[in-house]
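Coordinate analysis (summary)
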Amino acid sequence: MKTYMLDKVLDTGTTYTAESDKAYIIRKVGTTSTSKATLEVAGADCLEILDEIARTHPTTYYLYDLLDLGDYYVVVPPDKKFGFSGSSGSKMRIVGEILELAPGEALPSPYMGRYAEQAKKYMSYLRGTYSHGTDTAWTAGDENNVLSKTAEAGTKYYIVGPVYAKLDNLSAVHSPGDWTLRFYLQGAPWDILSTNMGDLGVDLWKCYWNDGTNYYYKPFKPTNLPPEIEPGRSFVVSMINSSGASKSPSSGNSLTATVTVGVVVELL
């Protein structure tokens, strides 16, 4: 078996076919799709991403790169068809290895094992938004849910990140400590319980910040978050005005929060 570098860009809506002696091992991915981008191999969905957590390359304002799939990499065996669906005209970049097999050589068993699993356990995301109301100020200490998810029967979610978050339409510069994210599992905060220890939640500055003119985005990988959401259990991400003062939107607009969290989906 020979191994080559894989780094290719796919077009949405195009069907590709692996050569009879070659397999793809896709370890990192990114997309330009602003809606769900779903990668399909041999008719089975095995990856869901969007540009908020997995970009094709860093830019001036979006300072992050491809999403590392870790143990949830995607295998395209020889002769299998694959492709992705996403927003119109979007691209997906795939990075990893090309395996060239000798005549009669089979794909190694670890890869065949992952291939058999990848439609049942794969990378995806949860996303939520919250709009506070046109020309309505967000008062100090006010907490509002942005993302709420209850795991469906037969489905388990693992919170692995990254976490992307932003707050649009602020009338003033976003400063460190002004806004925080708080994570809950089944109603219990994964956090301190009293402001005597400091602000509740995680500083939104970890996800994006403002230099007075431009916003810069960089999701963070969570640590010590609830490791999994069992069927019937809930996961919530809220946003808190931790600035100590009321915050207003720009005229005619609403303060609008967005949170996207990378997860592993397991179909039980």
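Residues numbered from 1 in each chain as written. Predicted model: local features only at pLDDT ≥ 70, side-chain atom pairs only at ≥ 80, totals over all residues. Heavy atoms only, no water.

1. A closer look at the nonpolar core
- Among the nonpolar cores identified, the biggest contains 37 residues, and Leu 167, Leu 181, Leu 204 and Met 239 are the most heavily contacted of them.
- Contributions of two or more residues to this core are made by strand S10 (121-134), strand S11 (143-150), strand S12 (155-168), strand S13 (179-185), strand S19 (234-241) and strand S20 (254-267).
- In this view, Leu 181 contacts Val 163, Ala 165, Gly 201, Val 202, Leu 204, Cys 207, Val 237, Ser 238, Met 239 and Val 259; residues no more than four positions away in its chain are not counted.
- Core analysis: the second largest hydrophobic core is formed by 26 residues, Leu 10, Ala 37, Ile 49 and Tyr 158 among them. (Core = buried A, V, L, I, M, F, W, Y, C linked by side-chain atoms within 4.5 Å. Buried < 20%, exposed > 50% of the residue type's maximum accessible area, 1.4 Å probe, protein only. Helix = DSSP H or I, 4+ residues; strand = E, 2+ residues; numbered from the N terminus. Contact = heavy atoms within 4.5 Å.)

2. What to know about the packing of aromatic side chains
- Under the criterion given, the structure shown has 13 aromatic pairs.
- An angle of 70° between the planes, with centres 6.3 Å apart, marks the rings of Tyr 62 and Tyr 64 as edge-to-face.
- One aromatic cluster is present, built from ring pairs that chain together Tyr 62, Tyr 64, Tyr 164, Tyr 208, Tyr 215 and Tyr 217.
- Positioned over the ring face of Tyr 73 is Arg 27, at 4.8 Å from the centre of the ring.
- The ring of Phe 220 carries the charged tip of Lys 206 above its face, separated from the ring centre by 4.9 Å. (Phe/Tyr/Trp six-rings, centres within 6.5 Å; stacked < 30°, edge-to-face > 60°. Lys NZ or Arg CZ within 6 Å of the ring centre and 35° of its normal.)

3. As for the sheet that holds strand S8 (residues 81-85)
- One open sheet holds the four strands; their spatial order is S2-S8-S4-S5, and the pairing between them is antiparallel. Two strands in the sheet have a free side with no partner beyond their single neighbour: strand S2 (16-17) and strand S5 (44-49). (Pairing = 2+ DSSP bridges.)

4. Structural notes on the pattern of salt bridges
- Per the stated rule, a full pass over the model turns up 15 salt bridges.
- With its nearest N and O atoms 3.6 Å apart, the salt bridge here joins Lys 156 to Glu 228. Highlighted residues: Lys 156 in strand S12 and Glu 228 in strand S18 (residues 228-229), separated in sequence by 72 residues.
- Salt-bridge contacts for Lys 166 lead to Asp 168; the nearest nitrogen and oxygen are separated by 3.5 Å.
- One connected set of salt bridges, linked through shared partners, spans Glu 19, Asp 21, Lys 22 and Glu 100. (Salt bridge = Lys/Arg side-chain N within 4 Å of Asp/Glu carboxyl O.)

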